[in-house]
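Observations on the three-dimensional arrangement
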Amino acid sequence: MVSYKELGLVNTREMFAKAINGGYAIPAFNFNNMEQLQAIIKASAETKSPVILQVSKGARNYANQTLLRYMAQGAVEYAKELGWEHPQICLHLDHGDTFEVCKSCVDFGFSSVMIDGSSLPYEENIALTKKVVEYAHQFDVTVEAELGVLAGVEDDVQAEESHYTKPEEVIDFATRTGCDSLAISIGTSHGAYKFKPEQCTRDPKTGKLVPPPLAFDVLDAIMEKLPGFPIVLHGSSSVPQEYVDTINMYGGNLPDAVGIPEEQLRKAAKSAVCKINIDSDSRLAFTAAVRKVFAEKPGEFDPRKYCGPARDEMTKLYKHKIIEVLGSDGKAE
Ligand code: G3H
Ligand code: 13P
Ligand code: ZN
């Protein structure tokens, strides 16, 4: 048993309380490799933004849970080396799907876990979430739960249609589970294809897809039921067009990729939404930078020469999210 407190990590409780009161959101960035982690920490340290490092099931399979946890521990020290005196870094399990995986992360030094029972029948979701909360809270580890189903792929959970969170369920769910934050479904989804072209309109000038707005009425109704309760938005990448264009220009093929417009995320960040999950945008930044190097310098074969530019591009992206979208800069001096 390792306590995250010994590793210099923090849970989400104080971060979220401050974010709700301050009208901003904490970035939750997924990481799978060293370059992503370096970029996240550099961007957070340079902007003095609290940050959540997320580890998904896919990341655990790809990079190994043990290695990722030690990397997060190293990240705290790296942040200090960069001059961030009091780093506020949370290590979070993204989309945990069983009690056992959540327990193993709690025991291993994670400071926050998500139990995603959103695909289960309501009462089963409650029972599973409650079990994780009871275990995690003994060690002051915070727990995110999910109610409602996002469209797209949620690890093993595939939902054809999204099912918005039902505001009439949230009080019962939060009270009976004791969860610390609630991920909701209001129209976001995972990946780079958040909407089908037929769900969008086309900008007559650019010909680009314009997605439908998020269901802010559902968010408002949830906030009315649970005043001041931390709300989480998954699937919140914006799928920057310049990355999609660069990828497509250099041999990629991402037709009709579309994300959540930044102005909608800015609006959400000012509300009780205090954690915004971003993964796909980082993947796009990385891929665009690597494809550009390969196209321009076909003789290059030193991974540092293409992973380095990819890391720089991700750092730029993370800083942009922190400063221009979430407003979390300067909140962890
Ligand atoms: O929720 C999905 C995240 O983007 C993680 O994706 O399971 O491919 O690592 P992944
Ligand atoms: P995106 O695919 O929109 O980046 O969402 C990531 C996410 O929700 C991770 O849990
Ligand atoms: Zn997610």
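Below, the structure is looked at part by part. (Residues numbered from 1 in each chain as written. Chains lettered and ligands numbered in written order. Predicted model: local features only at pLDDT ≥ 70, side-chain atom pairs only at ≥ 80, totals over all residues. Heavy atoms only, no water.)

Here's the deal with the overall build of the protein
Broken down by element type, the protein carries 12 helices and 12 strands. The C-alpha radius of gyration of the protein comes to 19 Å, within 12% of the 20 Å expected for a compact globule of 333 residues. For the protein, the proportion of its 333 residues judged to be buried stands at 55%. Look at the contacts in the protein between residues 6 or more apart in sequence, and 76% of them connect residues 24 or more apart. As displayed, the protein has an accessible area near 14200 Å², and 53% of this comes from carbon and sulfur atoms. Distance between charge centroids for the protein: 4 Å, based on 35 positive and 47 negative side chains. (Helix = DSSP H or I, 4+ residues; strand = E, 2+ residues; numbered from the N terminus. Rg over C-alpha atoms; globule rule 2.2 N^0.38 Å. Buried < 20%, exposed > 50% of the residue type's maximum accessible area, 1.4 Å probe, protein only. Contact = heavy atoms within 4.5 Å. Areas by Shrake-Rupley, 256 points an atom, 1.4 Å probe, with all protein chains shown as cover. Lys, Arg positive; Asp, Glu negative; His and termini not counted. Charge placed at Lys NZ, Arg CZ, Asp CG, Glu CD.)

Regarding the packing of helix 6 (residues 122–137) against helix 7 (residues 167–177)
As a packed pair, helix 6 and helix 7 sit with axes 8 Å apart at the nearest point and diverge in direction by 35°. In this structure, helix 6 crosses over helix 7, and the sense of that crossing is right-handed. Counted together, Tyr-122, Glu-123, Asn-125, Ile-126, Thr-129, Lys-130 and Val-133 of helix 6 and Glu-169, Asp-172, Phe-173, Arg-176 and Thr-177 of helix 7 form the full contact between these two elements. Across the contact of helix 6 with helix 7, the residue classes break down as four nonpolar, three polar and five charged. (Axes fitted to C-alpha atoms, helices over the stretch in contact; angles between N-to-C directions. Left-handed = near helix turned anticlockwise from the far one by under 90°. Nonpolar A, V, L, I, M, F, W, Y, C, P; charged D, E, K, R; others polar.)

What to know about the side chain of Asn-11
Position of Asn-11 among the secondary structure elements: in the segment before helix 1 (13–22). A polar atom in the side chain of Asn-11 sits 3.3 Å from the side chain of Tyr-4. Here Asp-140 takes part through its backbone oxygen, which lies 2.9 Å from a polar atom of the side chain of Asn-11. Other than its neighbours up to four places away in sequence, Asn-11 contacts Tyr-4, Ser-111, Asp-140 and Thr-142. (Polar contact = N/O pair within 3.5 Å; in protein donor to acceptor, adjacent residues only side chain to side chain.)

Thoughts on the site of ligand 2
Around ligand 2, the surrounding shell holds 16 residues, and the nearest of these are Asp-94, Lys-194, Ser-237, Asp-279 and Ser-280. The separation between an oxygen atom of ligand 2 and a polar side-chain atom of Lys-194 is 2.5 Å. In the environment of ligand 2, an oxygen atom lies 2.7 Å from a nitrogen or oxygen atom belonging to the backbone of Ser-280. Computed on the free molecule, ligand 2 has an accessible area of 310 Å², of which 96% lies beneath the protein chains in the complex. The set of elements that each furnish at least two residues to the shell around ligand 2 consists of strand 3 (89–96) and strand 12 (273–278). (Near = heavy atom within 4 Å.)

Some thoughts on helix 5 (residues 99–107)
Taken residue by residue, helix 5 has Phe-99, Val-101, Cys-102, Cys-105, Val-106 and Asp-107 as its buried positions. Structurally, helix 5 contributes buried residues whose contacts are with helix 3 (57–63), helix 4 (65–81), strand 3, strand 4 (112–115) and helix 6.

Here we look at the sheet that holds strand 4
In spatial order, the strands read 1-2-3-4-5-8-11-12; together these eight strands close into a barrel with parallel pairing. Looking at each pair of strands side by side, their axes are set apart by 25° on average, direction ignored. Relative to strand 12, strand 11 (residues 231–233) runs parallel, the two being bridged by three bridges. When the bridges of strand 12 are listed, Leu-233 appears paired with Ile-276. Each of strand 2 (51–55) and strand 3 is contacted by helix 4, which is oriented at about 155° to strand 3, the strand it contacts most. In the packing of helix 10 (residues 262–269) onto the sheet, the strands contacted are strand 11 and strand 12, and the crossing angle to strand 12 comes to about 145°. (Pairing = 2+ DSSP bridges.)

Things to note about the coordination of the zinc ion (ligand 3)
Six octahedrally arranged donors around a metal ideally form angles of 90 or 180 degrees; four tetrahedrally arranged donors ideally form angles of 109.5 degrees. Binding of the zinc ion (ligand 3) to the protein goes through His-95 (NE2), His-190 (NE2) and His-234 (ND1), at separations of 2.1 Å. Each donor residue of the zinc ion (ligand 3) lies on the same chain, and together they follow the pattern H-x94-H-x43-H. Here His-190, found in the loop between strand 8 (181–184) and strand 9 (201–202), pairs with His-234, found in the loop between strand 11 and helix 9 (241–249); they are 44 residues apart in sequence, far enough to count as distant. (Donors = N, O, S within 2.8 Å, 3.2 Å for Na, K, Ca; no water.)

Here we look at the pattern of salt bridges
Scanning all chains against the criterion turns up 22 salt bridges. The network of salt bridges with common partners includes Lys-5, Arg-13, Asp-140 and Asp-180. (Salt bridge = Lys/Arg side-chain N within 4 Å of Asp/Glu carboxyl O.)

A short note on the packing of aromatic side chains
This model, assessed by the stated rule, comprises five aromatic pairs. Aromatic pair Tyr-135 and Phe-139: ring centres 5.2 Å apart, planes at 55°, arrangement tilted. A relative accessible area of 15% places Tyr-135 in the buried class. Exposure remark for Phe-139: the relative accessible area of 28% places this residue in the partly exposed category. For the pair Phe-294 and Tyr-306, a centre-to-centre distance of 4.7 Å together with 65° between the ring planes defines the contact as edge-to-face. Here Tyr-306 lies in helix 12 (residues 303–326) and Phe-294 lies in helix 11 (residues 280–296), a separation of 12 residues in the sequence. Sitting over the face of the ring of Phe-99, Lys-131 holds its NZ or CZ atom 4.5 Å from the ring centroid. Between the NZ or CZ atom of Lys-331 and the centre of the ring of Tyr-24, over which it lies, the distance is 4.8 Å. (Phe/Tyr/Trp six-rings, centres within 6.5 Å; stacked < 30°, edge-to-face > 60°. Lys NZ or Arg CZ within 6 Å of the ring centre and 35° of its normal.)

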